[in-house]
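A look at the structure
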Amino acid sequence: MALGLLWLGLALLGALQIQARDATPNLIPAPPLLRVPLQPDFQDDQFQGKWYVLGVAGNAFKREEHSQLKMYATTYKLKEDGSYNVTSTLLRNQHCDHWIRTFLPSFQPGQFNLGNIKRYPGIQSYTVRVVATDYNQVATVFFKKVYNNQEYFKITLYGRTKELTPELKENFISFAKSLGLTDEHIVFTIPNDQCIDE
């Protein structure tokens, strides 16, 4: 599977392949999970459903390379065992692209691990952590992976609608900066109607 598919930010596939090959040891260090908030009393049934990706920030992102990132959608479908089938849908090369994976519940509600990790060569660990959500409008989710002994982390701002309010934007920027990222690591998606409303 292409190196780019290893990241949840599907819209960044090509750019991430190049970045992963050119990765340098001077990435901003990923914060320890203990420093990343976890949604209290996480309600897995309320979190499921479609989320639009409004913003992305991460230590392998560069604003100038991803300034034209189109909005994409990620749908969480809860299974009986407490895991999620997660499908991301985006427009790529004028085609609708879908990527499906499984997030397995971890020891804490709201924290997950990538299922069937052996399918993704080079990934040593992959953790997903719901930082905060009101379930009805917005969620912030933290992703951390170790790939070929290099730590990458990403924060995604989800919305149930495509609207990005100034308050949401400011809160997301503040949270990203609290984890050591700068303005250059933060990208807000361009609204898009193709593929993601199916």
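Residues numbered from 1 in each chain as written. Predicted model: local features only at pLDDT ≥ 70, side-chain atom pairs only at ≥ 80, totals over all residues. Heavy atoms only, no water.

The helix and strand tally for the chain stands at 4 helices and 9 strands. Traced from its N-terminal end to its C-terminal end, the chain shows the element sequence α-α-β-α-β-β-β-β-β-β-β-α-β. Counting all 198 residues of the chain, 49% fall into the buried class. Within the chain, counting contacts between residues at least 6 apart in sequence, those at least 24 apart form 60% of the total. Of the roughly 9,600 Å² of accessible surface on the chain, a fraction of 50% belongs to carbon and sulfur atoms. (Helix = DSSP H or I, 4+ residues; strand = E, 2+ residues; numbered from the N terminus. Buried < 20%, exposed > 50% of the residue type's maximum accessible area, 1.4 Å probe, protein only. Contact = heavy atoms within 4.5 Å. Areas by Shrake-Rupley, 256 points an atom, 1.4 Å probe, with all protein chains shown as cover.)

Turning our attention to the state of the cysteines. Under the defined criterion, the tally for this structure stands at 1 disulfide. What pairs with Cys96 in a disulfide is Cys195, and their sulfur atoms sit 2.0 Å apart. On the sign convention where negative is left-handed, the bridge of Cys96 and Cys195, at about -90 degrees about the S-S bond, is left-handed. Residue Cys96 is located in strand E4 (residues 95-105), and its partner Cys195 is located in the segment after strand E9 (186-188); the two are separated by 99 residues in the primary sequence. Cys96 gets classed as partly exposed once you look at its relative accessible area, which sits at 34%. The exposure class assigned to Cys195 is buried, which follows from its relative accessible area of 8%. (Disulfide = S-S within 2.5 Å.)

Right, let's get into the pairing of strand E7 (residues 138-147). Counting buried residues in E7 gives 10 out of 10 residues, a clear majority hidden from the surface. Burial along E7 is two-sided: Val138, Thr140, Phe142, Lys144 and Val146 facing one way and Ala139, Val141, Phe143, Lys145 and Tyr147 facing the other are all buried. Pairing of strand E6 (residues 123-133) with E7, which is carried by 9 bridges, proceeds in the antiparallel orientation. Bridge assignment links Val130 to a residue of E7, and that residue is Val141. Connecting E6 to the next strand, E7, in antiparallel fashion are 4 residues, including Tyr135 with a positive phi near 70 degrees. Both E7 and strand E8 (residues 150-159) contribute to a ladder of 10 bridges, which runs antiparallel. (Pairing = 2+ DSSP bridges.)

A separate point is helix H4 (residues 166-178). The end-to-end C-alpha distance of H4, which contains 13 residues, comes to 18 Å, matching closely the 18 Å that a straight helix rising 1.5 Å per residue would cover. Along its buried surface, H4 packs onto strand E1 (49-58), E6, E7, E8 and E9. (Expected span 1.5 Å × (residues − 1).)

This is a description of form; function is not addressed.
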